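# Close look at the chain arrangement
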Amino acid sequence: MSVYNLNNPNDYLRFFKDIERYKDNKQVIEVKKFHPQQSDKQARYIHFMISYWAWKNGETFYDTLHKIQLHISPVPFYTGEKDKHGNDVFKPLSSLTTAEASSVIRNFLDFAGMNGTPIPEIDDKVGLAYCKKELESADGWV
């Protein structure tokens, strides 16, 4: 599968040449918008948010993740598939795109703020450092 950057003149011309070739060969093609995987910064922040909120509220990481998937920000996680018991199958955190990860972050920050456990923003270095130290000092938390 080819990926074309239509802002690049060479890719733009190559894209239309390939379209003409597919048309001549009577082939069917599918064009999808490319969504890059979430950045490392987004992934680290999502894991931090879940860990911090779960610790503050006496839950496990996976309980909190499940709550996010079902109630707080379900759309980015849906795959449309069912498991053998008929339950929804969710995408893992690592396979979210940048847009989906941003949506999960925004929704979870709103949820946490409304429930009395404010989480520092991704760019609040002082707040993040304080919360990370607080998490590290929590002995025995799973």
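Here the structure is a predicted model, which means the values were calculated and not measured.

## Concerning the overall build of the protein
Regarding its fold elements, the protein presents five helices and two strands. When its helices and strands are written in sequence order, the protein yields α-α-α-β-β-α-α. Computed over its C-alpha atoms, the radius of gyration of the protein comes to 21 Å, more than 25% above the 14 Å expected for a compact globule of 142 residues. Across its three principal axes, the protein shows a C-alpha extent of roughly 65 × 40 × 25 Å.

## Some details on the packing of helix 2 (residues 40-56) against helix 4 (residues 98-114)
In contact at an axis separation of 10 Å, helix 2 and helix 4 are set at 25° when each is read in the N-to-C sense. Comparing their axes, helix 4 and helix 2 come out roughly parallel. When the axes of helix 2 and helix 4 are compared, the crossing they make is left-handed. Where helix 2 abuts helix 4, its residues Gln42, Tyr45, Ile46, Met49, Ile50 and Trp53 lie against Thr98, Ala101, Ser102, Ile105, Phe108, Leu109, Phe111 and Ala112.

## Description of the packing of aromatic side chains
Under the criterion given, the structure shown has 11 aromatic pairs. Aromatic pair phenylalanine 61 and tyrosine 62: ring centres 5.3 Å apart, planes at 75°, arrangement edge-to-face. Classification of tyrosine 62 as exposed rests on a relative accessible area of 62%. A ring pair is formed by phenylalanine 108 and phenylalanine 111, whose centres lie 6.0 Å apart and whose planes are at 35°; its orientation type is tilted. One end of the pair is phenylalanine 108 and the other is phenylalanine 111, both in helix 4 and three residues apart, which spans about a single turn.

## Observations regarding the pairing of strand 1 (residues 78-82)
With two bridges connecting them, strand 1 and strand 2 (residues 88-90) associate as antiparallel partners. Residue pairing across strands places lysine 82 opposite aspartate 88, the latter belonging to strand 2. Following strand 1, the chain reverses through five residues before pairing antiparallel with strand 2; glycine 86 in that reversal takes a positive phi of roughly 90°.

## Here we look at unusual backbone geometry
Backbone geometry at lysine 26 places phi at a positive 55°, although glycine is not the residue there. Looking at the secondary structure, you find lysine 26 in the loop between helix 1 (9-24) and helix 2. Note on lysine 26: relative accessible area 74%, which makes it exposed.

## Details of the pattern of salt bridges
Taken as a whole and judged by the stated rule, the model has seven salt bridges. Among the ionic pairs, lysine 41 bridges to aspartate 123, the shortest N-O distance being 3.5 Å. Placement of the pair is lysine 41 in helix 2 and aspartate 123 in the loop between helix 4 and helix 5 (125-136), with a sequence separation of 82 residues. For lysine 91, the salt bridge is made with glutamate 100, and the minimal N-O distance between the two is 2.8 Å. Each member of the pair, lysine 91 as well as glutamate 100, is classed as buried.

## Here's the deal with a nonpolar patch on the surface
Together, Leu6, Tyr12, Leu13 and Phe16 make up a nonpolar patch on the protein surface, roughly 390 Å² of accessible area in all. Among the structural elements, leucine 6 can be located in the segment before helix 1. Look at leucine 6 and you get partly exposed, because its relative accessible area is 44%.

## Overview of the nonpolar core
Judged by nonpolar contacts, the single largest core of 26 residues is most densely connected at Tyr45, Phe48, Leu93, Phe108 and Ile119. Of all elements in the fold, only helix 2, helix 3 (61-72), helix 4 and helix 5 reach the threshold of two or more residues within this core. Those residues within four positions of tyrosine 45 in sequence are excluded, and the remaining contacts are Ile105, Leu109, Ile119, Pro120, Glu121, Ile122 and Leu128.

Parameters and conventions
- Residues numbered from 1 in each chain as written.
- Predicted model: local features only at pLDDT ≥ 70, side-chain atom pairs only at ≥ 80, totals over all residues.
- Heavy atoms only, no water.
- Helix = DSSP H or I, 4+ residues; strand = E, 2+ residues; numbered from the N terminus.
- Rg over C-alpha atoms; globule rule 2.2 N^0.38 Å.
- Axes fitted to C-alpha atoms, helices over the stretch in contact; angles between N-to-C directions.
- Parallel < 35°, antiparallel > 145°, perpendicular 65-115°, else oblique.
- Left-handed = near helix turned anticlockwise from the far one by under 90°.
- Contact = heavy atoms within 4.5 Å.
- Phe/Tyr/Trp six-rings, centres within 6.5 Å; stacked < 30°, edge-to-face > 60°.
- Buried < 20%, exposed > 50% of the residue type's maximum accessible area, 1.4 Å probe, protein only.
- Pairing = 2+ DSSP bridges.
- Salt bridge = Lys/Arg side-chain N within 4 Å of Asp/Glu carboxyl O.
- Patch = residues over 30% accessible without salt bridge, like charges linked within 9 Å, V, L, I, M, F, W, Y side chains within 5 Å.
- Areas by Shrake-Rupley, 256 points an atom, 1.4 Å probe, with all protein chains shown as cover.
- Core = buried A, V, L, I, M, F, W, Y, C linked by side-chain atoms within 4.5 Å.

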